[in-house]
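This is what each chain is made of:
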Amino acid sequence: MHADTAAAVTGAETAASSVVRLESVRKSFGDNLVLDEIDLEVAPRETLVVIGASGSGKSTLLRCINLLEPLDSGRIFFEGEEITRRGTNVSAVRQRIGIVFQQFNLFPHLKVIDNLTLAARRIRKQPRDRAEERARALLERVGLAEKAGQHPHQLSGGQQQRVAIARALMMEPHVMLFDEVTSALDPELVGEVLVVMRDLALGGMTMIVVTHEMQFAREVGDRVVFMDGGRIVEQGKPTDLLDNPKEERTRRFLRRTLQLEHSLEELTIEEGGVE
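I will try to describe carefully the structure that is included in this document. (Residues numbered from 1 in each chain as written. Predicted model: local features only at pLDDT ≥ 70, side-chain atom pairs only at ≥ 80, totals over all residues. Heavy atoms only, no water.)

Quick word on the sheet that holds strand β6 (residues 97–100)
Spatially, β6-β7-β8-β3-β9-β10 is the arrangement adopted by the 6 strands of the open sheet, whose pairing is mixed. Every interior strand has two partners, whereas the edge strands, β6 and β10 (231–236), have only one. The average angle at which neighbouring strand axes cross in this sheet is 20 degrees, direction not considered. By the bridge criterion, 4 bridges tie strand β3 (residues 47–51) to strand β9 (residues 223–228) in an arrangement that is parallel. Looking at the pairing, valine 50 lines up with valine 225 of β9. Sheet strands touched by helix α2 (residues 58–65): β3, β6, β7 (175–179), β8 (206–210) and β9. Its angle to β7, the strand with the most contacts, is close to 150 degrees. Helix-sheet contacts for helix α7 (residues 187–202) involve β3, β7 and β8, and the interaxial angle to β8 is about 145 degrees. (Pairing = 2+ DSSP bridges. Helix = DSSP H or I, 4+ residues; strand = E, 2+ residues; numbered from the N terminus. Axes fitted to C-alpha atoms, helices over the stretch in contact; angles between N-to-C directions. Contact = heavy atoms within 4.5 Å.)

As structure tokens, then:
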């Protein structure tokens, strides 16, 4: 077999074996380079956790995968198909790649069940009874079966976020993206959302999770990626990266995170930030 043919076959096999693949992805906002030559693959049923300081490019990474942001250069493949090429059916891609944001983005004037069924009925043209049957099953799955007839303002923040997760699952996505979904919640409500995400992972959903919840990364993640300055600095198994990081930048980030979790006494404010 010729070398170029072998390379082509290898590339095709790689695309087929990964659900999501990014090749040399670059994204800027004006003069601010947010993603700098990102190469990343996510395997079927894998839970990939992305950590890093604010402004490191984590959220933009998810928005690019969901085609909410155009790339400056590079390519993104989903289930072996390049979705960043011209002519891609963006709506069809987004039905297969669900995303949940920090803000719940529920329609305040609609009941919970109507928040879930709206897209299925309008985009997929599902009959109301069929859509509502699936919606009730999903609400049961996230522990909110009794909230179907209520409006978002009648729910706690954690309940609203669980509704948002159920709504994303309505379109039967192949991949779920979570963008710091617990960051806006009161501390006592975080657990109920993380349990839903853990159960999704245990059920085999392919997931990319941007989070500051290190315990979730440790217990649920199959792999952790640390980003800084728009680049992937380090990645590996959760126990390896969190307990024995190879890069100094990773160690510094984790040291600050752990200090903030346990004590403020050892922290001092330096010119470059908190040390």
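Things to note about the side chain of glutamine 95
By the element assignment, glutamine 95 lies in helix α3 (residues 90–96). For glutamine 95, a relative accessible area of 18% gives the class buried. (Buried < 20%, exposed > 50% of the residue type's maximum accessible area, 1.4 Å probe, protein only.)

A short note on the pattern of salt bridges
Applying the stated criterion to the full structure yields 22 salt bridges. In this structure, glutamate 192 engages arginine 162 in a salt bridge whose closest nitrogen and oxygen atoms are separated by 3.0 Å. Taken together, the residues glutamate 192 in helix α7 and arginine 162 in helix α6 (residues 157–169) connect sequence positions 30 residues apart. By relative accessible area, which is 25% here, glutamate 192 ends up partly exposed. (Salt bridge = Lys/Arg side-chain N within 4 Å of Asp/Glu carboxyl O.)

Here we look at unusual backbone geometry
Backbone geometry at asparagine 105 places phi at a positive 60 degrees, although glycine is not the residue there. One non-glycine residue, lysine 125, adopts positive backbone phi at about 60 degrees. Within the fold, lysine 125 resides in the loop between α4 (112–122) and α5 (128–141).

Structural notes on the nonpolar core
Soluble globular proteins tend to bury their nonpolar side chains together. Judged by nonpolar contacts, the single largest core of 50 residues is most densely connected at Ile51, Leu116, Ile165, Phe178, Met197 and Met207. If one sorts the elements of this core by residue count, α7 sits on top with 8 residues. If near-sequence neighbours (up to four positions away) are discounted, leucine 116 is found in contact with Ala135, Leu138, Leu139, Val163, Ala166, Arg167 and Met170. Membership of the second largest hydrophobic core comes to 28 residues, among which are Leu35, Leu67, Phe78 and Met227. (Core = buried A, V, L, I, M, F, W, Y, C linked by side-chain atoms within 4.5 Å.)

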